[in-house]
Amino acid sequence: MRIVVTGASGGIGNALVELAKSRGDFVVGISRRPSKADLHYACDVLDLECLKKAAENIGAVDGLALLHGHGDPAIWNKGVEELDARDLLAAFEVDVVGSFNVVKAFMGNLGSGSSIVFAASTPALVGDRYGIPYAAAKGALVALARSLAKALSPVRVNAVALGPIATRWTSWISEEELAGFRERTLLRRLGDPREAAEAIYWLLSPASSYVTGQVLVVDGGESL
Ligand SMILES: NC(=O)c1ccc[n+]([C@@H]2O[C@H](COP(=O)([O-])OP(=O)(O)OC[C@H]3O[C@@H](n4cnc5c(N)ncnc54)[C@H](OP(=O)(O)O)[C@@H]3O)[C@@H](O)[C@H]2O)c1
């Protein structure tokens, strides 16, 4: 496959880049920092022109994995009283507008058998009192994925709802909170980025050829 991975410099993006390359796929990475992809474009997902230039250069692709995300810890652990519109807009801008930009830029590169995967999160399905802007943006991303599954058919569009995966996101969480995450999963541990990448890879690949408009929960049973 030829696949494009946004968030390629991040924990889960890097795991997908490495997994796909190990299976002989050609991987194009997109993030502001460099990645280990075969070809990398240093674009901000809010810079549509940069994304369009990358799309013009790379030709046809089979899959698009949107694994960028608003990673600023500043929006976490704020109650409703402390949150303001800027907190919500910051999360929506990167997750929702950024994802929409990437799809707009690359949709002309996607053939009928191709697949798009969005990185949502379990709070999109069950809510999260400590990360309200994040949960709301991820919920919007699920609705965006389902809407695009209808609008771009027969291109397949799905989302993964990830639980706690050990990347830099979990590095700024206290040991006490991490213990709580582990306790809430049925498997009593955080997920490895490679485990998230395997699920995303399956949705990108022809192995999931009759799956579209769905949310695959990859959370060790946390949300059950
Ligand atoms: N780890 C978890 O527990 C977890 C759980 C649920 C969902 N998720 C979701 O899974 C995805 C990947 O998470 P992760 O843990 O791998 O996060 P990460 O290690 O923090 O990586 C985030 C990626 O997003 C990119 N990014 C952020 N803002 C960007 C922008 N404006 N333009 C371009 N790229 C941008 C970063 O690249 P640059 O900084 O180089 O641009 C980085 O590659 C995210 O959508 C996250 O919300 C993660």
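Scroll up to find the structure this text is about.
Computed from a predicted structure; not experimentally measured.

Asks: Lay out the site of the ligand with the relevant residues and their values.
Replies: In the vicinity of the ligand, 28 residues are found, and the nearest of them are Ser9, Arg32, Thr167, Arg168 and Trp169. With respect to the ligand, the side chain of Ser9 contributes an N or O atom lying 2.7 Å from an oxygen atom. Contact between the ligand and Ile12: an oxygen atom at 2.8 Å from a main-chain N or O atom of the residue. Calculation on the ligand without its partners gives an accessible area of 890 Å², and the protein chains cover 95% of this total. Those elements giving two or more residues to the shell around the ligand turn out to be α1 (11–22), β5 (110–121), α5 (132–151) and α6 (168–171). Here the residues of the shell around the ligand are counted per class, giving 13 nonpolar, 10 polar and 5 charged.

Asks: Outline the packing of aromatic side chains, supporting the account with residue identities and numerical values.
Replies: Going through the model one piece at a time under the given rule, you end up with 2 aromatic pairs. Ring geometry for Trp76 against Tyr134: centres 4.9 Å apart, planes inclined by 50°, an arrangement best described as tilted. Of this pair, Trp76 sits in the loop between β4 (61–66) and α3 (85–106) while Tyr134 sits in helix α5, and the two are 58 residues apart along the sequence. Side by side, Trp76 and Tyr134 carry an identical accessibility label, which is buried. Ring centres of Tyr134 and Trp169 lie 5.4 Å apart, and the angle between their planes is 55°; this geometry places the pair in the tilted category. In this pair, Tyr134 sits in helix α5 while Trp169 sits in helix α6, placing the two residues 35 residues apart along the sequence. Every member of this aromatic cluster is reached through a ring pair, and the members are Trp76, Tyr134 and Trp169. Over the ring of Tyr201 we find Arg23; its NZ or CZ atom is 4.9 Å from the centre of that ring.

Asks: Please set out the nonpolar core residue by residue, giving values where relevant.
Replies: Within the largest apolar cluster, 40 residues are counted, with the highest numbers of intra-cluster contacts made by Val4, Ile30, Leu64, Phe106, Ile116, Phe118 and Val157. In terms of residue count, the dominant contributor to this core is α5 (8 residues). Grouped together as the second largest cluster of nonpolar side chains are 26 residues, Leu19, Ala197, Leu203 and Val218 included.

Asks: Can you tell me about the pairing of β4, naming the residues and giving the values?
Replies: Extensive coverage of β4 is indicated by the burial of 5 of its 6 residues. Summarising the sheet, strand β1 (residues 2–6) and β4 pair through 4 bridges and their orientation is parallel. By the bridge assignment for β4, Val5 is matched with Ala65. In this structure, β4 lies alongside β5, joined through 5 bridges in parallel fashion.

Asks: Hey, could you go over α5 for me, with residue numbers and the actual values?
Replies: For α5, built from 20 residues, the straight-helix expectation of 28 Å at 1.5 Å per residue is met to within 8% by its first-to-last C-alpha distance of 28 Å. The set of residues buried in α5 consists of Pro133, Tyr134, Ala135, Ala137, Lys138, Leu141, Val142, Leu144, Ala145, Leu148 and Ala149. Next to the buried residues of α5 lie α3, β5, α4 (123–126), β6 (156–162), α6 and β7 (215–218).

Calculation notes
- All chains use their own residue numbering, which begins from 1 and follows the written sequence.
- Selection of residues for local features in this predicted model requires a pLDDT of at least 70, selection of side-chain atom pairs for listing and counting requires 80 or more, and totals for whole chains, interfaces and linings are taken over all residues.
- Values shown for side chains rest on all heavy atoms present in the structure; no hydrogens or waters enter the calculation.
- One heavy atom within 4 Å of a molecule or strand is enough for the residue carrying it to be called near that molecule or strand.
- Here a polar contact means two N or O atoms within 3.5 Å. Within protein one must be a hydrogen donor candidate and the other an acceptor candidate, and residues neighboring in sequence count only if both atoms are side-chain atoms.
- Computed with the Shrake-Rupley method and a 1.4 Å probe, the accessible areas treat only the protein chains shown as cover for residues.
- In this description a helix means any DSSP run of H or I spanning at least four residues, a strand means any run of E spanning at least two, and both kinds are numbered starting from the N terminus.
- Basically, the charged four are Asp, Glu, Lys and Arg, the nonpolar ten are Ala, Val, Leu, Ile, Met, Phe, Trp, Tyr, Cys and Pro, and anything else, Gly included, counts as polar.
- Two aromatic rings, drawn from Phe, Tyr or Trp (for Trp, its six-membered ring), form a pair once their centres lie within 6.5 Å of each other, and the interplanar angle then sorts them: stacked below 30 degrees, edge-to-face above 60, tilted otherwise.
- Think of it in three bands: with a 1.4 Å probe and only protein chains considered, a residue is buried below 20% of the maximum accessible area for its type, exposed above 50%, and partly exposed in between.
- Think of it as a cone above the ring: NZ of Lys or CZ of Arg counts as a charge over the ring if it is within 6 Å of the ring centre and within 35 degrees of the ring normal.
- Nonpolar cores are built from buried Ala, Val, Leu, Ile, Met, Phe, Trp, Tyr and Cys residues. Side-chain atoms within 4.5 Å join them into one set.
- For two strands to pair, DSSP has to find at least two bridges joining them.
- Helix span is expected to be 1.5 Å times the residue number reduced by one.
- In what follows, residue pairs with any heavy atoms lying within 4.5 Å of each other are defined as contacts.

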